[in-house]
Amino acid sequence: MSLYESELDANGAGTVQSNADAREESLRMVSASPINGEPVSDEELRPSGLDEFIGQPRLKAQMKLFLNAAIKRGVAPDHILLAGPPGLGKTTLAMIVAHELETPIRITSGPAIQHAGDLASILSSLEEGEVLFIDEIHRLPRPAEELLYIAMEDFRVDVVVGKGPGASSIPLTLPRFTVVGATTREGMLPSPLRARFGFTAHLDFYPRDEMRRLILRSATVLGVSIDEDAADQLARRSRGTPRIANRLLRRVRDWAVVHDLDHVDIDAVTQALDLYQIDTEGLDRLDMAVLKAICGSFNGGPVGLNNLAAMVGEESETVETVCEPYLVREGFMVRTPKGRVATLKAWRHLNLRPPEGAEPSF
Ligand code: ADP
C-alpha cells in the first residue's frame, strides 16, 4: 500500500484507508488539462470577446491595442504566440482574436500535423485575413516547422511536384493570414520560429480576486445563484486556473441540484469540495500524500524524486508534473540540489510539528 492510500497520524505513521477510485477522481478534478469527455474549450462558458475575458489586464490592454491597430490599418495582424500552463485561456484567446477581427478561424495542433504536406494543404486553403490557430505548436514535426517559417514570413509554400530526381518545387503564394500559436513549453520552441511572432503573450495563474470574478461570471452563464463568499471559497480551491474553477463550479452545481438548493452558499461549496477531497488550499489527495511522505517518512527532506514517487505509489513523472509545480508555487515545497524539502507552511498545513531548522516558506 502506498502512502497515497493512507492517512498519517500526528506522528507521521500511516493507517490504512485505501481508495483508488477517490484518488483517480480527485486527481482529475484538479487537472488543468481537459479530463475524459470534457470539451477542450467549454463552448458554453468561453467568453467570446476581449471585454468578457476576465483578468490578465495588461495582456488584454496590449492585445486590444495590437488588434485595433491592425483593424485600423486594414491588414492582418502579425503572428501571435500565447504561452503559459494549460487551462489559463490560450484557446479562448485565439478564438477571441478571430472574433475581434471578424474573421474565420482554422484550428489545428502540433500533434495533429504528422507531415509537412498536412500543413501545406491547410495553408494553401486559407482565406485572406483568416486566423490559423496551432495548439501545442512546440510539438510540430521539424519539416512542418520549416515549412511554417517560410509561410509565416513570406506568405508562400513550396509545393513539391513529382518524386525522386525529377521532382521540382513550385512556389505557391498565400493570402495574408495570422498564425496564433499556443504552447505550454515556450522553451522548447526553436528560436527561428519564436522570432516570427510579432506579439507574444505570457498567461499567468490568476489571482484570487480574478478567479472569484470568473466564477461569478460562469455561475451567471450556468444560471447558478451563488454568494460572493461561496465564489471566493471556490476561487481559493481552484489553483488559479479557470478550467479547474469551471469544473469545480459544475460539481458544486450538482451538489446544489441533488440537495434541492436554489442558492449556493459557502457551506454547499465546502461540503461538495470536501467530498472530492480538495482542501482549502486547492490540494488534492495526491498533493497531500506527497507532503505527508516528505514530512512523515523523510523528516521534511531532502528526498529524491524517485524515492518520493515510490513512497506515494505514483510515477515520478506524475509527481513532477502534476503535483510539484503547484506545491512549489504555493510555497509548500522547495526543490534543492539534494532533493525536495517541505517548508514550514507544509508542516503547518499537515498540523505537524516542524523539526528544528525547517525550511521557511517564502
Ligand atoms: P488553454 O487553451 O490555455 O488550455 P482554454 O482557453 O481552453 O485554456 O480555457 C479553459 C476554459 O477556461 C475555457 O473553456 C474558458 O471558458 C475558461 N477561461 C479561460 N480563461 C478565461 C478568462 N480569462 N475569462 C473567462 N473564462 C476563461
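Because the structure is a prediction, the values reported are computed rather than measured.

What follows deals with the packing of aromatic side chains. Counted according to the given criterion, the structure contains 2 aromatic pairs. Summarising the aromatic geometry, the rings of Phe66 and Phe199 are spaced 4.7 Å apart at their centres and angled 25° between planes, so their arrangement reads as stacked. Of this pair, Phe66 sits in helix H2 (residues 57-73) while Phe199 sits in strand E9 (residues 199-202); the two residues are 133 residues apart in sequence, bridging distant segments of the chain. Summarising the burial analysis for this pair, Phe66 and Phe199 share the class buried.

Our focus in this paragraph is the site of the ligand. Taken together, 20 residues are adjacent to the ligand, and Ile54, Gly87, Thr91, Thr92 and Arg243 come closest. Note that an oxygen atom of the ligand is positioned 3.5 Å from one of the backbone N or O atoms of Arg46. For the ligand, the accessible surface in isolation is 550 Å², of which the surrounding protein chains cover 97%. If you list the elements that add at least two residues to the shell around the ligand, you get helix H3 (90-101) and helix H9 (242-258). When the residues that make up the shell around the ligand are grouped by side-chain class, the tally is 10 nonpolar, 6 polar and 4 charged.

Our focus in this paragraph is helix H8 (residues 228-236). Along H8, the residues classified as buried are Ala230, Ala231, Asp232, Gln233, Leu234 and Ala235. Looking at the buried residues of H8, the elements they touch are helix H7 (208-222), H9 and helix H10 (266-275).

Turning to the nonpolar core, a few remarks are in order. The biggest cluster of nonpolar side chains holds 52 residues, and the ones touching the most others in it are Met63, Ile80, Leu93, Ile226, Leu234 and Val264. The greatest single-element share of this core, amounting to 7 residues, is contributed by H9. Looking at this core, you find at least three residues from each of domain 1 (39-202) and domain 2 (208-275). Discounting chain neighbours no more than four positions away, the residues touching Leu93 are Leu50, Phe53, Leu59, Met63, Leu82 and Leu203. Counting residues in hydrophobic clusters, the runner-up holds 27 residues, among them Ala293, Cys295, Leu352 and Ala358.

Before going further, it helps to spend a moment on the UniProt feature "binding site: ATP" (unreviewed entry) in the protein chain. The sites that carry the UniProt feature "binding site: ATP" (unreviewed entry) are, in the present numbering, Leu45, Arg46, Gly87, Lys90, Thr91, Thr92, Glu153, Asp154, Phe155, Arg196, Tyr206 and Arg243. With the annotated positions falling across 199 residues, the maximum pairwise C-alpha distance of 37.1 Å shows that they are not confined to a single cluster. Residue placement: Arg46 occurs in the loop between helix H1 (20-29) and H2. Only 2.4 Å separates the side chain of Arg46 from the side chain of Glu43, close enough to count as a polar contact. Relative to the helices and strands, Gly87 is located in the loop between strand E3 (80-83) and H3. Among the residues examined, Gly87 registers a relative accessible area of 11% and is labelled buried. Excluding its chain neighbours within four sequence positions, the residues that come into contact with Gly87 are Ala32, Thr241, Pro242 and Arg243.

Moving on, we come to the domain arrangement of the protein chain. Assigned domains of the protein chain: these are domain 1 (39-202), domain 2 (208-275) and domain 3 (285-349). When each unit is reduced to the centre of its C-alpha atoms, the spacing between domain 1 and domain 3 is 37 Å.

Before going further, it helps to spend a moment on the UniProt feature "domain: AAA+ ATPase" (unreviewed entry) in the protein chain. The UniProt record marks residues 76-209 with the feature "domain: AAA+ ATPase" (unreviewed entry), using the residue numbering of this structure. For residues 76-209, the helix share is 30%, the strand share is 27%, and the end-to-end C-alpha distance is 35 Å.

Next up on the list: the environment of Arg348. Mapped onto the elements of the fold, Arg348 is located in helix H14 (residues 344-349). In this structure, the C-alpha to C-alpha distance between Arg348 and Phe332, residues 16 residues apart in sequence, is 9.6 Å.

Strands sit in the order E4-E5-E8-E3-E9 across an open sheet of 5 strands; the sheet is parallel. Two strands close off the open sheet at either side, each with one partner strand: strand E4 (105-109) and E9. Ignoring which end each strand starts from, the neighbouring axes of this sheet average 15° apart. Bridge count between E3 and E9: 4 bridges; the pairing is parallel. Note that in E9 the partner of Leu82 across the bridge is Ala201. The strands that H2 touches are E3 and E9; relative to E9, the one it contacts most, it runs at about 160°.

Cut-offs applied
- Residues numbered from 1 in each chain as written.
- Predicted model: local features only at pLDDT ≥ 70, side-chain atom pairs only at ≥ 80, totals over all residues.
- Heavy atoms only, no water.
- Phe/Tyr/Trp six-rings, centres within 6.5 Å; stacked < 30°, edge-to-face > 60°.
- Helix = DSSP H or I, 4+ residues; strand = E, 2+ residues; numbered from the N terminus.
- Buried < 20%, exposed > 50% of the residue type's maximum accessible area, 1.4 Å probe, protein only.
- Near = heavy atom within 4 Å.
- Polar contact = N/O pair within 3.5 Å; in protein donor to acceptor, adjacent residues only side chain to side chain.
- Areas by Shrake-Rupley, 256 points an atom, 1.4 Å probe, with all protein chains shown as cover.
- Nonpolar A, V, L, I, M, F, W, Y, C, P; charged D, E, K, R; others polar.
- Contact = heavy atoms within 4.5 Å.
- Core = buried A, V, L, I, M, F, W, Y, C linked by side-chain atoms within 4.5 Å.
- Domains from an automatic or database assignment.
- UniProt positions renumbered as here; feature names shortened; annotations may be inferred.
- Pairing = 2+ DSSP bridges.
- Axes fitted to C-alpha atoms, helices over the stretch in contact; angles between N-to-C directions.

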